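# Coordinate analysis (summary)
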Amino acid sequence: MKISWSALLLAGFCALAQGRITHIVIDRVESPTFGGREFGRVGRYEKLSGRAHGEVDPSDPLNAGITYIKEAPRNARGRVEYAVDVHIIRPVDMAKGNGTLLYDVVNRGARRAFEVFHLGANGGNDPSSAADAGDGFLLRQGYTLVVSGWQGDVPRSKDNIVADIPVATRGGRPITKTITAEFIVTKPAFTLPLGWDNGAVLRPHPPVESAMASARLIRRAHAHAPDELVPRGEWSFGKCEDGKTLEPSNLDVCLPAGFSTDAVYYLVYQARDPLVMGLAFASIRDVVSFLRYSDTEANPLVAHSGRAPQPNAIQRAIGFGRSQSGRVVKDLVNLGFNLDEAKRIVFDGVISMTGGARLTNVNSEFSMPGRFSTPLVGHYSDGDQFPFTYEVIRDPVSGRSGGVLARCRAQKACPKLMHWDSGTEPWTARNSLVITDTLGKSDVTVPDNVRLYYFAGTQHVPAAQPRTAAICQNPSNANPYKEGLRALLLEMQEWIRTGRTPPPSRFPSLDDKTLVRPLPQEEYGFPAIPGRRYTGEANDLYVNDYGVQPPRHLAGKQYPVFVPKVDADGNELPGVRSVDLQVPLGTHTGWNLRRKEFMEDRSCYLEGSFIPFARTKAERGADPRPSLQERYGSKANYVKQVEAAARQSLREGFLLSEDAERLVVEARARELGF
């Protein structure tokens, strides 16, 4: 049954609240949700949707570091206001839950936790049906799931989870700055929106009209290639879907000759009206703190829909994010936002997934939170500069000192932290810098409250099945690691609940000689597979000069980047090795290469590769990798090895019994072709 409650009916939530959330208005309640489905001992769940309204004190030292906070508009109390969408999925009977709030940092307005941890359907941003809960893993564990908007440039739509963040001005006048927008396309186009973000369209920083004539459009063959200035008369601001008819628009770019799939474009222009994007961190802090600590009826976890109040059952909180979101939750700790204005810890545990050594550019001038650096796409984006390690170290390259945990240590507010990376992060996110010093000479100590887990031979987001993307040379990598994530989430739960320590870190390192240079190929160890190319292109990293546009690398200020050692099959040796990697059917990599006409042989964004083994010795020809028949001899022996690998992963704490059983059943049903 779906019940819709207006803000007027829920005016009780609008009382002044703790944690700098002034009020939460719940305007939609679905109780029970998921078609009334029961999730084991936890029972049924309900879904609450609405908006949280907050304000921050710009003079509080916890907020003083927010970029443009002094230029933000203030209310009558001298505070800076924001409003964010909030969605809560909670047990109908909170006493049956596990007492943990799992905060899922949305990625460009989209929730991710169901997709990451559940098998089956995930229901997108508004999961409601019984099928949308998939296998219900998180719900069976009893988590209270919370998402809220934070990214101010995500446009409002039917599905997006968004934030309303103010524009900064200086003395009542617009703030301006010369910035760079990047355009890379996978199909030819005559016109692109200014907010183009590798396929997504975000709200752009509008141009200063009087300076539009001086804007420059630059084309390069790839990120490191020389600039080719597109003559100003050959492009314009405006829309031209057919390349001929120009419609006036300051928020679009028209190139009648067409944006090529074989080049990267940089638009340098004077922009105006930056958002106070750093309020994102304050909003996450305040929403979670309020839901966790408030015992008032203004807290929807205490009372809603006219139901009798119940005690706030939340005892602890975990912050989780994948990719962009993983960098956000990590940067939240780095910037000191794990302590609320009442000096209470926000997250007991933080899980930062597939962020590598990157942070974010959220708290920067003219922030573009969707942008991040890869070898090609977004290569010069900010948010990937020092610090890289969790431990505090001195960086002789930049001349700075720091560490992700420096601020929270000073605050005595550090969480337990798990860092999860896929096989793509060594190549795109320089994740070797998470463990090495900045000269690449030795490993850096991993703090006791941190665990580093590397999921060997996987890709950033695993493909459901090996498939060849339109722009990539090799089939995508379907090596699963959801099973390891599920097991480690429960390890985190016990770590913050009882203090039971999780498995030791599993991460490539210099000390054990499992980190090597990507070139030459012989040192890396990748085999010469007929018909497959290896270029060794990893995402190089320099100290960048952002005082020029487009930004540029500073000569002599380069960081070393290493990648994990591989075996004779090209499969990675260090890290958490899935059952599929322990008993492989092919070579699994975290990298892929672009096809001809798409900047050939350059890194293919966040895609990995799967290069299957031949079925028989006769079929493999010059391929140095043994065939499936040579490896396993029979289907029965293959299944026996899968069973052994599953038992080993189970003993090590990287696999749950329910998943081990499923993987063995799948192996028994798999056809090997010999």
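Fair warning: this is a prediction, and the values are worked out from it, not measured in the lab. Just so you know, the residues in each chain are numbered from 1, in the order the chain's sequence is written. This being a predicted model, a pLDDT of at least 70 is required before a residue's local features are given, and a value of 80 or more before pairs of side-chain atoms are given or counted; all residues contribute to the totals for chains, interfaces and linings. Excluding hydrogens and water, the side-chain figures rest on all heavy atoms present in the structure.

## Section: the overall build of the chain
Check the secondary structure of the chain and you find 13 helices and 30 strands. What you see for the chain is a C-alpha radius of gyration of 25 Å, in line with the 26 Å of a compact globule of 674 residues. Its C-alpha atoms give the chain principal-axis dimensions of about 80 × 70 × 50 Å. Categorising residues by exposure relies on relative accessible area from a 1.4 Å probe, with only protein chains included: less than 20% of the type maximum marks a residue as buried, more than 50% marks it as exposed, and the intermediate range marks it as partly exposed. The buried share among the 674 residues of the chain stands at 62%. Long-range pairs, those at least 24 residues apart, make up 73% of the contacts in the chain with a sequence separation of at least 6. The method behind every accessible area is Shrake-Rupley, applied with a 1.4 Å probe, and residues are considered shielded solely by the protein chains displayed. Carbon and sulfur atoms make up 52% of the accessible area of the chain, which amounts to about 25100 Å² in all. Under the DSSP-based scheme used, a helix requires at least four consecutive residues in state H or I and a strand at least two consecutive residues in state E, with every element numbered from the N terminus. We compute the radius of gyration from the C-alpha atoms alone; for a globule the expected value is 2.2 Å times N to the 0.38, where N is the number of residues. Any pair of residues with heavy atoms lying within 4.5 Å of one another is described as a contacting pair.

## Brief notes about helix 13 (residues 657-669)
Working note: α-helix, 3.6 residues per turn, so residues spaced by three or four point in the same direction. Here helix 13 contains 13 residues, and its C-alpha end-to-end distance of 19 Å stays within 8% of the 18 Å for a straight helix at 1.5 Å per residue. Residues of helix 13 that are buried make contact with helix 7 (482-497), helix 9 (579-582) and helix 12 (635-652). The span you would expect from a helix comes to 1.5 Å times its residue count less one.

## Thoughts on the pattern of salt bridges
Salt bridge, as used here: a side-chain nitrogen of Lys or Arg that lies within 4 Å of a carboxyl oxygen of Asp or Glu. Counting across every chain of the model gives 48 salt bridges. The partner of Glu341 in a salt bridge is Arg20, with the nearest N and O atoms 2.2 Å apart. Residue Glu341 is found in the loop between helix 4 (324-334) and strand 20 (349-353), and its partner Arg20 is found in the loop between strand 1 (2-3) and strand 2 (21-30); the two are separated by 321 residues along the sequence. One salt bridge connects Glu38 with Arg44, and the closest N-O pair in it is separated by 3.5 Å.

## Some words on the nonpolar core
Definition of nonpolar core: a set of buried residues of the types Ala, Val, Leu, Ile, Met, Phe, Trp, Tyr and Cys, connected through side-chain atoms within 4.5 Å. Core analysis: the largest hydrophobic core is formed by 105 residues, its most contacted members being Phe183 and Leu267. Those residues in contact with Leu267 that sit more than four places away from it in its chain are Ile179, Thr180, Ala181, Phe183, Leu194, Ala215, Arg216, Leu217, Trp235, Phe237 and Val253. Formed by 35 residues, the second largest nonpolar core is a distinct cluster that contains Phe34, Met353, Phe654 and Leu656.

## Some points on the side chain of Asn63
Checked against the element boundaries, Asn63 lands in the loop between strand 3 (45-56) and strand 4 (80-91). Looking at Asn63, its side chain comes within polar contact range of the main-chain oxygen of Asp57, at 2.9 Å. If we skip the residues at most four places from it in the chain, Asn63 touches Val56, Asp57, Ile69, Arg285, Phe337 and Glu341. Any pair of N or O atoms that falls within 3.5 Å is considered a polar contact. Within protein, one atom must be able to donate a hydrogen and the other to accept it, and sequence-neighbouring residues count only if both atoms are side-chain atoms.

## Things to note about the confidence of the model for the chain
Predicted coordinates in regions of low pLDDT should not be interpreted in detail. Per-residue confidence for the chain averages 95 on the pLDDT scale, and 97% of its residues sit at or above 70. Confidence of the predictor at the level of single residues is given by pLDDT, which spans 0 to 100. Below a pLDDT of 50 lies the segment residues 1-19, which in the model reaches 50 contacts outside its immediate sequence neighbourhood of four places, other chains included.

## A few points about the side chain of Ser49
As for its placement among the helices and strands, Ser49 is situated in strand 3. Contact partners of Ser49, with chain neighbours within four places excluded, come to Val25, Ile26, Asp27, Arg28, Val86 and His87.

## With respect to the state of the cysteines
Two cysteine sulfur atoms form a disulfide, by the criterion used here, when they sit within 2.5 Å. Per the stated rule, a full pass over the model turns up three disulfides. With its sulfur 2.0 Å from that of its partner, Cys240 forms a disulfide with Cys254. On the S-S bond that ties Cys240 to Cys254, the torsion sits near 105°, and the link is right-handed. Of the two residues, Cys240 is situated in the loop between strand 16 (236-237) and strand 17 (252-259) and Cys254 in strand 17; the sequence distance between them amounts to 14 residues. Its relative accessible area of 0% is what places Cys240 among the buried residues. Classification of Cys254 as buried rests on a relative accessible area of 4%. Put simply, Cys408 and Cys414 are joined by a disulfide, and their sulfur atoms are 1.9 Å apart. Here the disulfide of Cys408 and Cys414 is right-handed, its torsion about the S-S bond being about 90°. Sequential numbering of the bridged cysteines in the chain gives the disulfide pattern 1-2, 3-4, 5-6.

## Examining the pairing of strand 24 (residues 450-454)
For a regular strand, the rule is simple: side chains alternate between the two faces of the sheet. Burial runs high along strand 24: five of the five residues are buried. The alternating pattern of strand 24 places Val450, Leu452 and Tyr454 and Arg451 and Tyr453 on opposite faces, both of which are buried. Pairing between two strands is assigned when DSSP locates at least 2 bridges connecting them. Pairing analysis gives five bridges linking strand 23 (residues 416-421) to strand 24, with the strands arranged parallel. Bridging across to strand 24, Met418 finds its partner in Arg451.

## Notes on the pairing of strand 17
Of all eight residues in strand 17, six are buried, a share of seventy percent or more. Bridge count between strand 11 (residues 189-193) and strand 17: four bridges; the pairing is antiparallel. Paired with Pro193 across the bridge in strand 17 is Asp252. As defined by bridge partners, strand 16 adjoins strand 17 across two bridges and the pair is classed as antiparallel. The residue bridging Ser236 from the neighbouring strand is Cys254, located in strand 17.

## A word on the sheet that holds strand 16
Taken in spatial order, the three strands of this open sheet run 11-17-16, and their pairing is antiparallel. The open sheet terminates on both sides in strands that have one partner only, identified here as strand 11 and strand 16.

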